[in-house]
Amino acid sequence: MDLPMDTQNKKKKNKKGKVYVREPSSTWSSSTSRSIHNSICEIAMNKFGYSLPTKDGRITMPLGFIPMTRLICRAVGIQLVLRDYTDNQHFTESDVMNLFPIVKHSNPRAKDASKLKELAEDRLSNGYLAESHELITEALNTMLQVYGPLHSDIESSHKHLAHISYLFGRIGQAVSHQKQGLLASERVLGVDHYETIYCYVYLALFAHNLAQSTVALRLMYRAKFLLQLIFGPDHLEQAAFDINIGLMLQTKGDAKNSQKFLESALKLHKKFHGTGSVQVAMCNILVARALAANADFREAMKYQKHALDVYTEKYGEEDKRTKDCEAFYSKLTQKAVELQKWLQNKEKLALPNMTVSEVLPDSTISEMLATVNGIPATPAKVKPSDTEAKKTDQEKKADEKIEEIKNQEVLDLD
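Just so it is clear, the structure is predicted and the values come from calculations on it, not from any experiment. (Residues numbered from 1 in each chain as written. Predicted model: local features only at pLDDT ≥ 70, side-chain atom pairs only at ≥ 80, totals over all residues. Heavy atoms only, no water.)

K.L.:
Provide a residue-level description of the packing of helix H9 (residues 194-209) against helix H10 (residues 213-231), including the pertinent values.
P.N.:
Direction vectors running N to C along H9 and H10 enclose 160 degrees, while the axes themselves pass 8 Å from each other. Viewed along their axes, H9 and H10 adopt a mutual orientation that is roughly antiparallel. Where H9 crosses over H10, the two elements pack in a sense that is left-handed. Here H9 contributes Ile197, Tyr200, Val201, Leu203, Ala204, Ala207 and His208 to the contact with H10, which in turn contributes Ser213, Val215, Ala216, Leu219, Met220, Arg222, Ala223, Leu226, Leu227 and Ile230. Among the residues forming the contact of H9 with H10, the class breakdown is 14 nonpolar, 2 polar and 1 charged. (Axes fitted to C-alpha atoms, helices over the stretch in contact; angles between N-to-C directions. Helix = DSSP H or I, 4+ residues; strand = E, 2+ residues; numbered from the N terminus. Parallel < 35°, antiparallel > 145°, perpendicular 65-115°, else oblique. Left-handed = near helix turned anticlockwise from the far one by under 90°. Contact = heavy atoms within 4.5 Å. Nonpolar A, V, L, I, M, F, W, Y, C, P; charged D, E, K, R; others polar.)

In structure tokens form, the structure reads like this:
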């Protein structure tokens, strides 16, 4: 029996017209921005024992607005309009250009190439540079066939080859490999990735060893800008970058600007390590040398005296570092006295020699740059007998693994 059309329409309306409205939670409906900020501070204190910095009832951003906004946008998948956000430190709905889904995934790995790469790194850590070079070259060729030219493993392999070339003293090859690694890192990981930043740093060090100070400084300035964009100005790695720039400026004879960067590094080391640390003492020595190059011997003596006190406390009076620090302090004192005598009797005395012999030469600056960035000085002193030395059981097992991988590749080809 067919029902009237009015009855059918009424039943359809009843089915489709039901709207379920959830009653708002009393907690969230009464929440304000201030109460949410207070709850976050309480959770951080109860769980981590850390007091978040607040101002006027709001949590202040320790990284700064731009680094924090970048982190939030990358985590959530927001693309903002390109404009200057420094004046008005917030963005509105009109600034959002697009939304991107954040998908978790794992990059594919070539099994045989990864094993060869791990063995190459093990060989490098044990000092077998020639064998490490051979293994990483073979791994790189395999990766190029599997991945193509753009992959994160390609970037790390080029960086590995650049490191080995640097240790062999082949700086030109090191620059070539580092450039290829930098290009791959920029395209795969992005310009603002920390791996890309360190590719810039190592390329700057290699360029500096080729006497290309201007190119090295440009690369370091770019790396410093990107690091500040990601982590803000108050980051410990900024101190290492400032030391790099300060030492490179000394090779160009720009002691005044070099002093500014070294003082910035000293300030950061004091903040993170304390005034009595070895890092602060090293920065004091570098600032003292920059001041000595500007003939400001009295101010240089203050920094050198602080470094001498720290070295005496940490290493003792008989240590070579303490004696070298004391010798330079004596030299500064002597130059300061000579300058003061000349200022008192300009008419009678001739202008004394204001140069200090201990001001860092280019070779010493290169060694200090390598030390600051955690790589050995170049050229490396590699003896031919090192690769022919007796191998331990662990190294013999590594050789057997290499042969096994090679045999597997032959079988796969067959």
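K.L.:
Break down the side chain of threonine 69 for me, citing the residues and quoting the values.
P.N.:
The residue threonine 69 is located in helix H4 (residues 65-76) in this model. The buried category is assigned to threonine 69, whose relative accessible area is 9%. Discounting chain neighbours no more than four positions away, the residues touching threonine 69 are Leu80 and Phe91. (Buried < 20%, exposed > 50% of the residue type's maximum accessible area, 1.4 Å probe, protein only.)

K.L.:
How would you explain the nonpolar core if you had to name every residue and give the values?
P.N.:
Of all hydrophobic cores here, the largest spans 73 residues; its most connected members are Tyr166, Phe206, Phe241 and Met248. Per-element tally for this core: the top contributor is H9, with 10 residues. If sequence neighbours within four positions are ignored, methionine 248 has contacts with Ala204, Leu205, His208, Ala216, Leu217, Met220 and Leu369. The next biggest cluster of nonpolar side chains, apart from the first, holds 7 residues, and it includes Ala281, Ile285, Tyr311 and Cys325. (Core = buried A, V, L, I, M, F, W, Y, C linked by side-chain atoms within 4.5 Å.)

K.L.:
Which residues make up the packing of H9 against helix H11 (residues 236-251), and what values do they have?
P.N.:
As a packed pair, H9 and H11 sit with axes 12 Å apart at the nearest point and diverge in direction by 20 degrees. As far as their axial angle goes, H11 and H9 are roughly parallel. Between H9 and H11 lies a crossing whose hand is left-handed. Contacts between H9 and H11 involve Ile197, Tyr198, Val201, Ala204, Leu205 and His208 on the former and, on the latter, Glu237, Phe241, Asn244, Met248 and Thr251. Split by residue class, the contact of H9 with H11 holds 7 nonpolar, 3 polar and 1 charged.

K.L.:
Summarise the confidence of the model for the chain; cite the residues concerned and give the values.
P.N.:
Summary statistics for the chain give a mean pLDDT of 80 and a share of 77% for residues scoring 70 or more. Residue range residues 378-391 is modelled with pLDDT below 50. Its contacts to residues more than four positions away, or to other chains, number 17 contacts. (pLDDT = per-residue confidence, 0-100.)

K.L.:
Talk me through empty space enclosed by the protein; I want residue IDs and the actual numbers.
P.N.:
This model, assessed by the stated rule, comprises 1 cavity of 30 Å³ or more. By volume, the largest cavity amounts to about 50 Å³. Along the walls of the largest cavity sit Tyr166, Leu205, His208, Asn209, Ser366, Leu369, Ala370 and Ile375, which together make up its complete lining. Breaking the lining of the largest cavity down by element, the ones donating at least two residues are H9 and helix H16 (362-372). A breakdown of the residues in the lining of the largest cavity according to their chemical character gives 5 nonpolar, 3 polar and no charged. (1 Å grid on protein atoms, 1.4 Å probe; cavity = no way out; pocket = protein on both sides within 12 Å on 5 of 7 lines; lining within 4 Å. Points joined across faces, edges and corners; volume = space filled by probe spheres on them.)

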